[in-house]
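Working through the structure, step by step
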Amino acid sequence: MGNSKTSVVDIKNRKNSGKAITMLTAYDYPWALLADRAGVDILLVGDSLGMVVLGYPDTVSVTMEEMLHHIKAVSRTVKNALVIGDMPFGSYNTSIEKAVENANRMMKEGRADCIKLEGGKTMAKTVEAIVKSGTPVQGHIGLTPQTASALGGFKVQGKSARAAKALLKDAKALEDAGCFSIVLEAIPAPIAEKITQSLSIPTIGIGAGIHCDGQVLVTHDMVGLFDRFVPKFVKQYANISETVSAAIAEYIEDVQKGNFPEEKHSFIMDSEEMEKIQQLY
Ligand code: KIV
């Protein structure tokens, strides 16, 4: 694999290229390193951080400072993937000025390559202002976890013809406002397909079927490292929790039974120095 950093232009050019875009979340050095080495196109430092790493009940409590702390770790690590900093609730939805200021912080302090924010046409003016200020923006529509309570919970969106039409309008508004791509979350596959066909920018699906231009999953979900629930749209490729739990249980047993550390894990001393030490007592 080469060593060239993926740009938002590379991602835009992948539309209709026949090669699906791959995106995962990462929040720290080891996971960013593994995913980047494996060749994923985009790493999102998502505000899912709040749930899968920080133990919050949802994403609403996540702060700018918490996001920046983790974005810095990821952007410091990544050599190839595009790094997206997710704007947390309260950092962009109170005023356009604040949104631009916080988006700049994601780039300047976090060293993210671009940002993502949730919302459709009501966010279009905000997206436009952020893009004008020099920060590329990825949109996110459908199930938007930060406002899940207003949507009636973590539910599939766009199930009626009216709701589907509204989603299409949202997607168009984000494209016109200058987004370089849009995440479609928990949308019926035929609606996601229609949106994907209607846009000139790539769509990245999560629970939105096979016809999007790319796919994203929360890494902790797909490797079995988040135990509170597994959404229907997640495919689990590993069960890391089981592996780590077994390793910890074995370690506890080894220590308690005196099987660890063994000689190979211990440091020895030169016999002359050893004698001198013994004379001290
Ligand atoms: O925060 C996150 O991880 C996300 C993905 C689900 C797209 O927004």
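Being a predicted model, the structure only gives us computed values, none of them experimental.

Quick notes on the rules
Residues numbered from 1 in each chain as written. Predicted model: local features only at pLDDT ≥ 70, side-chain atom pairs only at ≥ 80, totals over all residues. Heavy atoms only, no water. Helix = DSSP H or I, 4+ residues; strand = E, 2+ residues; numbered from the N terminus. Buried < 20%, exposed > 50% of the residue type's maximum accessible area, 1.4 Å probe, protein only. Contact = heavy atoms within 4.5 Å. Domains from an automatic or database assignment. Salt bridge = Lys/Arg side-chain N within 4 Å of Asp/Glu carboxyl O. Near = heavy atom within 4 Å. Polar contact = N/O pair within 3.5 Å; in protein donor to acceptor, adjacent residues only side chain to side chain. Areas by Shrake-Rupley, 256 points an atom, 1.4 Å probe, with all protein chains shown as cover. 1 Å grid on protein atoms, 1.4 Å probe; cavity = no way out; pocket = protein on both sides within 12 Å on 5 of 7 lines; lining within 4 Å. Sits in = over half its atoms within 2 Å of the grid points. Nonpolar A, V, L, I, M, F, W, Y, C, P; charged D, E, K, R; others polar.

1. Observations concerning the environment of Cys114
On the secondary structure map, Cys114 appears in strand 4 (residues 114-116). Its relative accessible area of 0% is what places Cys114 among the buried residues. Those residues in contact with Cys114 that lie beyond four places of it in its chain are Val8, Leu82, Val83, Ile84, Gly85, Met107, Thr135, Pro136 and Phe180.

2. Quick look at the domain arrangement of the protein
According to the domain assignment, the protein contains domain 1 (8-238) and domain 2 (243-279). Distance between the C-alpha centres of domain 1 and domain 2: 46 Å.

3. Structural notes on the pattern of salt bridges
Throughout the structure, instances matching the rule amount to eleven salt bridges. Counted as one network, the salt bridges with shared partners bring together Glu65, Arg105 and Glu109.

4. Regarding the site of the ligand
Around the ligand, the neighbouring residues are Thr25, Leu44, Gly46, Asp47, Ser48, Asp86, Lys116, His140, Glu185, Ile206 and Val218. Asp47 has a polar side-chain atom sitting 3.0 Å from an oxygen atom of the ligand. One of the side-chain nitrogen or oxygen atoms of Asp86 is found 3.2 Å away from an oxygen atom of the ligand. Coverage of the ligand by the protein amounts to 95% of the 260 Å² it exposes when considered alone. The cavity where the ligand resides is the largest pocket. Along the lines of polarity and charge, the residues of the shell around the ligand split into three nonpolar, four polar and four charged.

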